[in-house]
Amino acid sequence: MASLFSTFKYSDGLTVVGISFFTAVVCEAISWILIYRTTSYKSLKSSIDKASKKLETMKTDPTVTAAPKKSKTKKIDRVETSLKESSRDLSLFKFKSGGVVALVLFVVFGFLNNLFEGKAVAKLPFVPARIVQKMSHRGLQGDDPTDCSMAFLYFLCSISIRTNLQKFLGFSPPRGASGAGLFQIPDAAKTN
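Figured I'd write up the structure that's included with this text. (Residues numbered from 1 in each chain as written. Predicted model: local features only at pLDDT ≥ 70, side-chain atom pairs only at ≥ 80, totals over all residues. Heavy atoms only, no water.)

Before going further, it helps to spend a moment on the overall build of the protein. For the protein, the helix and strand inventory stands at 7 helices and 2 strands. Tracing the protein from N to C terminus, the helices and strands come up as α-α-α-α-β-α-β-α-α. By the burial criterion, 32% of the 192 residues in the protein qualify as buried. Of the roughly 12500 Å² that the protein leaves accessible, carbon and sulfur atoms contribute 64%. (Helix = DSSP H or I, 4+ residues; strand = E, 2+ residues; numbered from the N terminus. Buried < 20%, exposed > 50% of the residue type's maximum accessible area, 1.4 Å probe, protein only. Areas by Shrake-Rupley, 256 points an atom, 1.4 Å probe, with all protein chains shown as cover.)

The end-to-end C-alpha distance of helix 4 (residues 69-115) is 64 Å, a good match for the 69 Å that 47 residues give at a rise of 1.5 Å each. Along helix 4, the largest kink reaches about 35° and is centred on Lys96. (Expected span 1.5 Å × (residues − 1). Bend = angle between axes of the 7 residues up to and from the residue.)

Ranked by internal contacts, the top residues of the largest apolar core, which has 17 residues, are Val16, Leu112, Phe116, Val121, Met150, Leu153 and Tyr154. Elements that contribute at least two residues to this core include exactly helix 1 (11-36), helix 4 and helix 6 (150-169). Looking at this core, the element that brings in the most residues is helix 6, giving 8 residues. Leave out the neighbours within four places in its chain, and Val16 touches Phe116, Val121, Met150, Leu153 and Tyr154. Counting 14 residues, the second largest nonpolar core, distinct from the first, contains Leu44, Val79, Leu83 and Leu90. (Core = buried A, V, L, I, M, F, W, Y, C linked by side-chain atoms within 4.5 Å. Contact = heavy atoms within 4.5 Å.)

In this description, an aromatic ring pair is defined by two values, namely the gap between the centres and the angle between the planes. Overall, the coordinates contain 2 aromatic pairs when judged by the stated rule. Taking 6.1 Å as the distance between ring centres and 45° as the angle between the ring planes, the aromatic pair formed by Phe109 and Tyr154 counts as tilted. Of this pair, Phe109 sits in helix 4 while Tyr154 sits in helix 6; the two residues are 45 residues apart in sequence, bridging distant segments of the chain. Phe109 sits in the partly exposed class, given a relative accessible area of 26%. (Phe/Tyr/Trp six-rings, centres within 6.5 Å; stacked < 30°, edge-to-face > 60°.)

As a further point, take helix 6. With 20 residues, helix 6 should reach 28 Å at 1.5 Å per residue; the first-to-last C-alpha distance of 27 Å fits that figure. Buried within helix 6 we find Met150, Ala151, Phe152, Leu153, Tyr154, Cys157, Ile161, Leu165 and Gln166. Residues of helix 6 that are buried in the fold lie against helix 1, helix 4, strand 1 (122-123), helix 5 (130-136) and strand 2 (147-148). Immediately beyond the C-terminal end of helix 6, within one or two residues, lies Gly170, with a positive phi of roughly 80°.

To continue, consider the pattern of salt bridges. The final tally for this structure, using the stated rule, is 5 salt bridges. Lys119 is paired through a salt bridge with Asp12; the nearest N and O atoms lie 3.3 Å apart. One end of the pair, Lys119, is in the loop between helix 4 and strand 1; the other, Asp12, is in helix 1, and 107 residues separate them in sequence. On the accessibility criterion, Lys119 (40% relative accessible area) is partly exposed. (Salt bridge = Lys/Arg side-chain N within 4 Å of Asp/Glu carboxyl O.)

This next bit is on a positive patch on the surface. A cluster of basic residues, Lys54, Lys70, Lys74, Lys75 and Arg78, forms a positive patch at the surface. Among the elements that take part in the positive patch, helix 4 stands out by supplying 4 residues, more than any other. Position of Lys70 among the secondary structure elements: in helix 4. (Patch = residues over 30% accessible without salt bridge, like charges linked within 9 Å, V, L, I, M, F, W, Y side chains within 5 Å. Lys, Arg positive; Asp, Glu negative; His and termini not counted. Charge placed at Lys NZ, Arg CZ, Asp CG, Glu CD.)

Before going further, it helps to examine the packing of helix 1 against helix 6. In contact at an axis separation of 8 Å, helix 1 and helix 6 are set at 45° when each is read in the N-to-C sense. In terms of their interaxial angle, helix 1 and helix 6 are classed as oblique. Every pair of crossing elements has a handedness; the one defined by helix 1 and helix 6 is right-handed. Seen from helix 1, the contacting residues are Gly13, Val16, Val17, Ser20, Phe21, Thr23, Ala24, Val25, Cys27, Glu28, Ser31 and Tyr36; seen from helix 6, they are Met150, Leu153, Tyr154, Cys157, Ser158, Ile161, Arg162, Leu165, Gln166 and Leu169. A class-by-class count of the residues in the contact of helix 1 with helix 6 yields 14 nonpolar, 6 polar and 2 charged. (Axes fitted to C-alpha atoms, helices over the stretch in contact; angles between N-to-C directions. Parallel < 35°, antiparallel > 145°, perpendicular 65-115°, else oblique. Left-handed = near helix turned anticlockwise from the far one by under 90°. Nonpolar A, V, L, I, M, F, W, Y, C, P; charged D, E, K, R; others polar.)

Take it as geometry only, folks, not as evidence of what the structure does.
Structural data, given as structure tokens:
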């Protein structure tokens with residue numbers, strides 16, 4: 001495939017971007033098969049949506065604020081706990097497809113690494129900071145700091161394309177689950 005576009009000036013960079021886009025589509029298809037089309041995911045997502053809406057109305061509704069402070073706090077804590085448990089369950093549910101997606105990404109990265117080993121695939125329009133330069137110039141010969149390696153371009157493309165593709169397809173996490181993961185950060189107000 002790399003030789004197909006070899007006569008174009010930006011052929012290597014466009015090949016990496018194209019393969020990254022294709023990989024993102026394949027990964028989202030795998031996620032759809034293993035996660036998004038199942039009834040378990042749909043029920044977890046709806047429970048998270050309901051809990052986050054309920055929590056939002058409890059915190060902003062003036063009729064609820066007229067209730068005694070202690071009972072309001074207990075109700076809010078109960079809804080927050082339910083929301084955290086549902087978010088954790090959703091993260092665990094998504095975890096199973098993460099292994100398959102990671103395997104696909106590693107295989108594609110290995111393929112691209114063999115294809116573009118030691119070859120600059122793009123030129124950066126600026127000289128990056130030293131720490132970024134170590135990543136962007138990884139595995140390349142020469143001293144030109146504007147040379148961009150395949151690994152750096154693939155990394156940037158994978159992050160941006162997959163995130164935007166998830167938003168476009170409607171696979172982004174539910175509103176209340178944003179930032180929720182397997183391990184929660186303790187709330188400072190509740191620990192003191």
